[in-house]
Each structure stands twice: as structure tokens, then as C-alpha cells.
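Here's the letter readout for the chains.
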Amino acid sequence: MASEQRPVLSVEEAQQHILSTVDVLEVETVPLLEGAGRVLAESVAADRDIPPVTNAAMDGFAVRGEDMVGDTVRLRVVGEVAAGHEADTPVGPGEAVRIMTGAPVPEGADTVVRFERTRLEGDLVVLLAPPGPGKNVRQSGEDVRRGQVVLEPGKVLRPQEVGMLAALGHLEVAVIRRPRVAILGTGDEVVPPSQVPGPSQIRDANSYTVAAQVQRYGGVPLLLGVVHDQEELVLRGIQQALERKADFIITSGGVSVGDFDLVKQVMNAEGEMHFWSLNMKPGRPMAFGDIDGTPLLGLPGNPVAAMISTRLYARPALLKMQGFRDWSEPVVRARLTEPIERKDGRRHYLRVCLDGTDEGCGAELMATLTGDQGSGILNSLVEADGLAVIPEQARHLPAGSEVEVVLLT
């Protein structure tokens, strides 16, 4: 096959190629809470000052700064104002108004003395160690001014941005649409999780591992089930993905060099194959191309390879499609607790658990392999905190060597 003559790509080359083929999706307007964690697609300006009026920062007495002279100050209490009510009693010389947090500061007052620093004597309040003038007061507009652009397009909506939008009266928000990702399993040996497998069959873990990752990366997974190793069935599954208006298609299995590895054949016949071999382990055989302009990522069938490949290649593409500008991996540095020997010149992603120990001048993370590193050992990922990255040029790493670990958050 012509596709077998394609060069073996590095991880970075494959990532950049995939990223170059996807674009940011369209804008949609959603209820405010549905926008949390997504990318803002519009500028947001304040329709009013926040706070709208100068108000008390704590419970106490509103007073005039010029009255706080001397060690003992006695002022006549002439009124009270609570949050959400108008301050209709002004403060004159020698007077004070009892005030609650958030209540507007009355005319004439510029300072709030908290209750803990006062003592009542009939209708007088005695100020004990009064603060300086202007203390414990929040000025009108000190947070946001009317007309100020508070949020720009491209901002990721964290809880604090959601709160700001609510403060500005936005119950809906324009964000980048989430990508619809069709997920198709292949293989005569693969059956749905609900089915009791035969002696030579396995339940479909890959579709659910991939779907869970797609959800975590912000996509909308479309589970298409599993098709047998027949070219027309694989094609029908991919056509179903297109009919459901998928923005991205992910298959598992059928991308190696076996007689029944049909995803590559369908891609070559019906679309375009971009590459299919990577310089990494696990996950060397991986197909990427497009059918009718829709990107198709063909994952290996082994569950560890499928999950790691989804993380490395689908994740950045899906993030870009949603308007995210940073798709870098969360990584830490850790020291190996055992030596690593590798001679194949590939980049290895080893499943490790992380432990912190106090040694010498500070705490260090130690990385320990989670047992058998075979690409079919899903439990090695269940027990793992991260993926230790062993560079292509590394042949021997003694125990204690420092490596980069991609966190499996």
C-alpha cells in the first residue's frame, strides 16, 4: 500500500500536522452556567458601576473623619441603614449612623468604625481606637466602571468570570461551540460492554475510555458502537459519523499492517491518509487523515495505546477547535526509582505512580513504574498518576534520573 511508504513522524510533528488541519468552531449562545469552562466569543462591558454606590465594607458606625480627634470620641447616633436600603439620614458634625455591610454610606460620612471598636452609652457611641479617615469604605465603581470592557473574546470562563457576568446581568453568554466527536470501535473480537464475551472476545473498553477523555477535553462524544472487520461495515460506521454531523472522528483498531486492519484502507479509498506511523511507544501505528473534510484519527486497538494517543493527539485538536489558546500538557519533574533500558530509538511513555519524599534540602517527586508496561495492560493506567516521558535518544537511565511526567488528571 502507498500509505506504508510514508515517513515515521515524531510526536511533535504529528501534533502540529493535526493542529494545522482543524479550525476554531462557530459561536453559540448558551445559558450562563453552561458557559463555565468554555471560551468566551464576545466582548463584555459593564452596564453600571460596581459597586453602584459608596458602601460600608463591614458592620459598624458611619462617621465623619474630621470628628475622630482625640483619644475618646463620643458621637450621637442619629439613624441606621441596612444593605439594600437608601441612606436617608445624613451625618452631621458630632453624629454617627449605625450601618451594615454593603449599605450605602450616608451623606456627610466618609469612614466606618467597626462595632468591635465602639461602645454604646445610651444614644451615644464611643469610638475606641478609631481608624484613619476613609477606612472600611468601598468607593463607587472601585471594582468596575460603567462602560469598562471587563472580559475579552478568548477568555476562559472560570467561576470568577461566570460571577462577573452574573453581576453584569448576563444570563446568556456567547462561547465557542463544543466539537461533536464520533467514536467508532472496530474488530471481530470486540463486543459491547453489555454483552457476555466469548472465549476469544473482549468488551469494548476503548470507546468508553476515549469518550470519557473527549468529555474531559470539552467535546461531545457520539458513541457509534463497534463494527466487525469488514470494509463495508467500517465505511458504513464512518458514514454514520458524517450523517450525525461529527466535527471529528476517532476510531480504534484497524490501523496496523494486518490483513484485517481496514480503517487505513477505507481512509485511502474514501478520503485522504495524511500519516500512519509514529516514533513512539505505545501507539506507533496511528492513522490520521480526513473523509469528506472531516478529520479522522485512527487509534491503535490496544487500550493503553488508544488512551495515550487520544491524550497526545485528540486533546490539543479538540481544545483548539473550542478556541483555547493553550493546550500544553500539565507536567512535573520526578526522579525514577528504578533504571530504564531502551534501545529502539522511540519515545516511550511509561505509566508511573508519584510519591513525594523529603530528601536533602526539600521535597522531591519519585516516579515508580506501575508494573507491566504492555500496551494491553489497562490496569497500568488505572494505577498511574502520570506518564514518564523517556526521550528518543535515551538508552539507559539509571535510578534517580530526572524525567518529565505528564500528569493524568
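Everything quoted here is computed from the prediction, not taken from an experiment. Residue numbers here run from 1 along each chain, matching the order of that chain's written sequence. Local features in this predicted model are restricted to residues whose pLDDT is 70 or higher, and side-chain atom pairs enter the listing and the counts only when it is 80 or higher, whereas totals over whole chains, interfaces and linings include all residues. To obtain the side-chain values, all non-hydrogen atoms of the structure were used and water was disregarded.

**Observations concerning the overall build of the chain**
Part 1 of the reasoning: When its secondary structure is counted, the chain shows seven helices and 28 strands.
Part 2 of the reasoning: We compute the radius of gyration over the C-alpha atoms and compare it with the globule rule, which gives 2.2 Å times the number of residues raised to the power 0.38. The C-alpha radius of gyration of the chain comes to 31 Å, more than 25% above the 22 Å expected for a compact globule of 409 residues.
Part 3 of the reasoning: Its C-alpha atoms give the chain principal-axis dimensions of about 95 × 55 × 40 Å.
Part 4 of the reasoning: Residues classed as buried in the chain amount to 46% of the 409 residues present.
Part 5 of the reasoning: Should any heavy atoms of two residues lie within 4.5 Å, those residues are counted as being in contact. Sequence-distant contacts, at least 24 apart, represent 69% of the contacts inside the chain between residues at least 6 apart.
Part 6 of the reasoning: Here, Shrake-Rupley sampling with a 1.4 Å probe gives the accessible areas, and only protein chains in the shown set may cover a residue. For the chain, the accessible surface area stands at approximately 19600 Å², while carbon and sulfur atoms represent 49% of it.
Part 7 of the reasoning: Charge assignment in this entry is limited to Lys and Arg as positive and Asp and Glu as negative, and neither His nor the chain termini are counted. Where a charge lies is defined by one atom per residue type: Lys uses NZ, Arg uses CZ, Asp uses CG and Glu uses CD. Positive and negative side-chain charges of the chain, numbering 39 and 57 respectively, have mean locations separated by a distance of 2 Å. Only DSSP runs of H or I reaching four residues or more are called helices, and only runs of E reaching two or more are called strands; each is numbered from the N terminus. Exposure is judged per residue with a 1.4 Å probe applied to protein chains only, and the accessible area is read against the type maximum: over 50% gives exposed, under 20% gives buried, and values in between give partly exposed.

**Notes on the sheet that holds strand β13 (residues 180–186)**
Part 1 of the reasoning: What the six strands build is an open sheet, ordered β16-β13-β17-β21-β20-β18; its pairing is mixed. The open sheet has two edge strands, β16 (220–227) and β18 (272–277), and neither has a second partner. When strand polarity is set aside, the average angle formed by the axes of neighbouring strands in this sheet is 15 degrees.
Part 2 of the reasoning: Here, any two strands with at least 2 DSSP bridges between them count as paired. Both β13 and strand β17 (residues 248–252) contribute to a ladder of five bridges, which runs parallel. Residue pairing across strands places valine 181 opposite phenylalanine 248, the latter belonging to β17.
Part 3 of the reasoning: Interaxial angle, 0 to 180 degrees, is taken between N-to-C directions of lines fitted to C-alpha atoms, where a helix line uses only the stretch in contact. The strands that helix α6 (residues 303–321) touches are β13, β17, β20 (285–291) and β21 (294–299); relative to β21, the one it contacts most, it runs at about 165 degrees.

**Let's talk about the sheet that holds strand β5 (residues 73–81)**
Part 1 of the reasoning: Across the sheet, six strands lie side by side as β7-β4-β6-β5-β9-β8; this open sheet has mixed pairing. Of all the strands in the sheet, the pair left with one neighbour each is β7 (111–114) and β8 (118–121). Averaged over all pairs of adjacent strands, the angle between their axes in this sheet comes to 40 degrees, without regard to strand direction.
Part 2 of the reasoning: In the sheet, β5 pairs with strand β6 (residues 95–99) via five bridges, with the strands oriented parallel.

**Observations concerning the packing of aromatic side chains**
Part 1 of the reasoning: Whether two aromatic rings pair depends on their centres lying within 6.5 Å, for rings of Phe, Tyr and Trp, where Trp uses its six-membered ring; planes under 30 degrees apart make the pair stacked, over 60 edge-to-face, and the rest tilted. Using the criterion set out here, one finds one aromatic pair in the structure.
Part 2 of the reasoning: Look at phenylalanine 61 and phenylalanine 115: their rings are 5.4 Å apart centre to centre, the planes differ by 75 degrees, and that puts the pair in the edge-to-face class. Here phenylalanine 61, found in strand β4 (residues 60–63), pairs with phenylalanine 115, found in the loop between β7 and β8; they are 54 residues apart in sequence, far enough to count as distant.

**Points about the pattern of salt bridges**
Part 1 of the reasoning: Here, a salt bridge means any side-chain nitrogen of Lys or Arg that lies within 4 Å of a carboxyl oxygen of Asp or Glu. Enumeration over the complete set of coordinates arrives at 20 salt bridges.
Part 2 of the reasoning: Where glutamate 121 meets arginine 74, a salt bridge forms, and the shortest distance between an N and an O atom there is 3.0 Å. One end of the pair, glutamate 121, is in strand β8; the other, arginine 74, is in strand β5, and 47 residues separate them in sequence.
Part 3 of the reasoning: We classify glutamate 121 as partly exposed; its relative accessible area is 30%.
Part 4 of the reasoning: Arginine 74 gets classed as partly exposed once you look at its relative accessible area, which sits at 44%.
Part 5 of the reasoning: The salt bridge partner of glutamate 121 is arginine 119, with a shortest N-O separation of 3.0 Å.
Part 6 of the reasoning: Residue class for arginine 119 comes out partly exposed when judged on its relative accessible area of 39%.

**Here we look at the side chain of arginine 311**
Part 1 of the reasoning: Relative to the elements of secondary structure, arginine 311 occurs in helix α6.
Part 2 of the reasoning: The class of arginine 311 is buried, set by a relative accessible area of 5%.
Part 3 of the reasoning: For arginine 311, the side chain forms a polar contact with the side chain of glutamate 329, separated by 2.8 Å. What qualifies as a polar contact is a pair of N or O atoms within 3.5 Å, subject to a donor-acceptor requirement within protein and to the restriction that residues adjacent in sequence count only when both atoms come from side chains.

**Some remarks on helix α3 (residues 206–216)**
Part 1 of the reasoning: Within α3, burial applies to Asn206, Ser207, Thr209, Val210, Ala211, Gln213 and Val214.
Part 2 of the reasoning: Those residues of α3 that are buried lie in contact with β13, β16, β17, β21 and α6.
Part 3 of the reasoning: Just beyond α3, the residue with positive phi is glycine 218, at close to 95 degrees.

Remember, this is a structural readout, not a statement about activity or role.
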